[in-house]
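# Descriptive analysis of the structure
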Amino acid sequence: MSPGQQRRFVLPESELPTHFYNIAADLPEPLPPPLHPATREPIGPEALAPLFPMELIRQEVSTERVIPIPEPVREAYRIYRPSPLIRALGLEQSLDTPARIYYKNESVSPAGSHKPNTAIAQAFYNQAEGVTRLVTETGAGQWGSALALAGALFGIETKVFMVRVSYEQKPYRRSFIQTMGATVVPSPSRETNAGRQVLAADPDSTGSLGIAISEAVEEAATREDTKYSIGSALNHVLLHQTVIGQEAIKQMEMAGDAPDVVIGCAGGGSNFSGIAFPFLRDRLAGNSQTRFLAVEPASCPSLTRGEYRYDFGDAVGMTPLLKMHTLGHEFRPAPIHAGGLRYHGMAPLVSHLYELGFIEARAYGQNTCFEAAIRFARTEGLIPAPESSHAIRAAIDEALDAREAGESRVILFNLSGHGYFDMAAYDQYLAGGLTDVEYEPVAMATAEAVA
Ligand SMILES: Cc1ncc(COP(=O)(O)O)c(C=O)c1O
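Structural notes, computed from the coordinates. (Residues numbered from 1 in each chain as written. Predicted model: local features only at pLDDT ≥ 70, side-chain atom pairs only at ≥ 80, totals over all residues. Heavy atoms only, no water.)

### Overview of the environment of Ala-298
- Within the secondary structure layout, Ala-298 lies in the loop between strand E11 (291–297) and helix H13 (302–305).
- For the pair Ala-298 and Ala-248, spaced 50 residues apart in sequence, the C-alpha to C-alpha distance is 28 Å. (Helix = DSSP H or I, 4+ residues; strand = E, 2+ residues; numbered from the N terminus.)

### Things to note about empty space enclosed by the protein
- Evaluated as defined, the whole model comprises 3 cavities of 30 Å³ or more.
- The wall of the largest cavity is formed by 30 residues, among which Lys-115, Leu-209, Gly-231, Ser-232 and Gly-340 lie closest to the centre.
- Those elements that provide at least two residues to the lining of the largest cavity are strand E6 (133–138), helix H6 (142–154), helix H10 (209–222) and helix H12 (270–284).
- For the lining of the largest cavity, the class distribution of residues is 11 nonpolar, 16 polar and 3 charged.
- With 3 residues, the top contributor of residues to the lining of the second largest cavity is helix H17 (residues 423–430).
- Partitioned by chemical class, the residues of the lining of the second largest cavity number 4 nonpolar, 2 polar and 2 charged. (1 Å grid on protein atoms, 1.4 Å probe; cavity = no way out; pocket = protein on both sides within 12 Å on 5 of 7 lines; lining within 4 Å. Points joined across faces, edges and corners; volume = space filled by probe spheres on them. Nonpolar A, V, L, I, M, F, W, Y, C, P; charged D, E, K, R; others polar.)

### Here we look at the sheet that holds strand E9 (residues 226–228)
- The 4 strands lie next to each other as E8-E7-E6-E9, forming an open sheet whose pairing is parallel. Every interior strand has two partners, whereas the edge strands, strand E8 (183–187) and E9, have only one. On average, adjacent strands in this sheet sit at an angle of 25 degrees to one another, irrespective of strand direction.
- Bridge count for E6 against E9 is 3 bridges, and the pairing is parallel. Residue pairing for E9: Val-135 is matched across the bridge by Tyr-228. (Pairing = 2+ DSSP bridges. Axes fitted to C-alpha atoms, helices over the stretch in contact; angles between N-to-C directions.)

### Brief notes about the layout of surface pockets
- Considering only enclosed or pocket space, the largest pocket measures out at about 640 Å³ in volume.
- Where the lining of the largest pocket is concerned, the elements lending two or more residues are helix H1 (45–48), helix H2 (54–61), H10, helix H11 (235–255), strand E13 (321–326) and helix H14 (348–355).
- With 4 residues, the single largest contributor to the lining of the largest pocket is H2.
- Residues belonging to the lining of the largest pocket are distributed by class as follows: 27 nonpolar, 9 polar and 2 charged.

What follows is the structure in structure tokens.
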């Protein structure tokens, strides 16, 4: 590293984005619509009304290019936004690469990840329409933490169905959610028909994001006073996350660089879209050659191994049908430590853009991701979330590839969260106790798969 090279690119609060960027306005072909499971006809807004406030339904189907961010949302964002862009000089040096590596640090939010970007917006729109109670699911606990935080900020009672394996592996995520004033229940639970149905078939079920979604959707659909909130996959969630990429565009300009490749880990697709879509706008307009790389776990590879077809968003089959890359809604991902990447499907927008050839995808096993995470921790001083370590693995491989090719590639990745509530996973990795779980296109879900 040359002395004096700038490491942090920080925007003032006045540069906080004023609008969300809606990529639906720039798609070369429109997104296939959600379908009613019985009629297979496109659903109208009324079908979603029991679950979401009208403004979020409007955003879900909007093709307006920009949507203003309400002032109370921007005010709450100012607790942690704009987030810094960091040049990973230590990592570059350790790899002896001519590549320049940058990361957008979304771990600085109070909940520790990018998830509050949409949680805050969703809590605001619900509050504005008089909703007093929200229910949701959480995989790794990051999304539950974010909604609990947003519920506290906007005075909304919040309940979280937390995938059982994470509930047990990550007691302090549970405590975080409770400290913020929300209720947390391990899923599958006996509180819903969906949960009871799963437990009847498999009393030892460790749960999955799809099952927890079924439980939360059921509770919202059957309670007048409650709406549902989702942490990923749907269009309005990806829309809210575009604050990440909009800031990153300005910060890369400050750095005098433009990314050759933009990388994000992908569970349901929201943090990847958040950093990628604002840059993709130029690529869709034919003005850039930037590559976009979504990184997923080898044990739950919806983009690289899934089929592109209509499927349910939840495990039990209660949601509308979405056209997406899916491993099948019956698929039960193995309980790897990147809990937030254990989802059978992929956001319809990401799936569509992948089909159209604008996005690449890659899958990695968890050991190689932890190895990358530890290199990052020891060179950059920050312990990443196991989910984010997938993006780091890909960024390192891009940097090594650039070294091989003798090219000065510019790599930008999203650091979607920190791993300070995931130290049990690091303990296991350091003790040599992690198994790489290969994807098998049949139901497979037992705790032994990881231990
Ligand atoms: C830190 C972190 N990164 C990534 C993800 C994956 O979600 P998405 O693909 O929606 O960004 C999660 C989900 O919980 C997460 O907690």
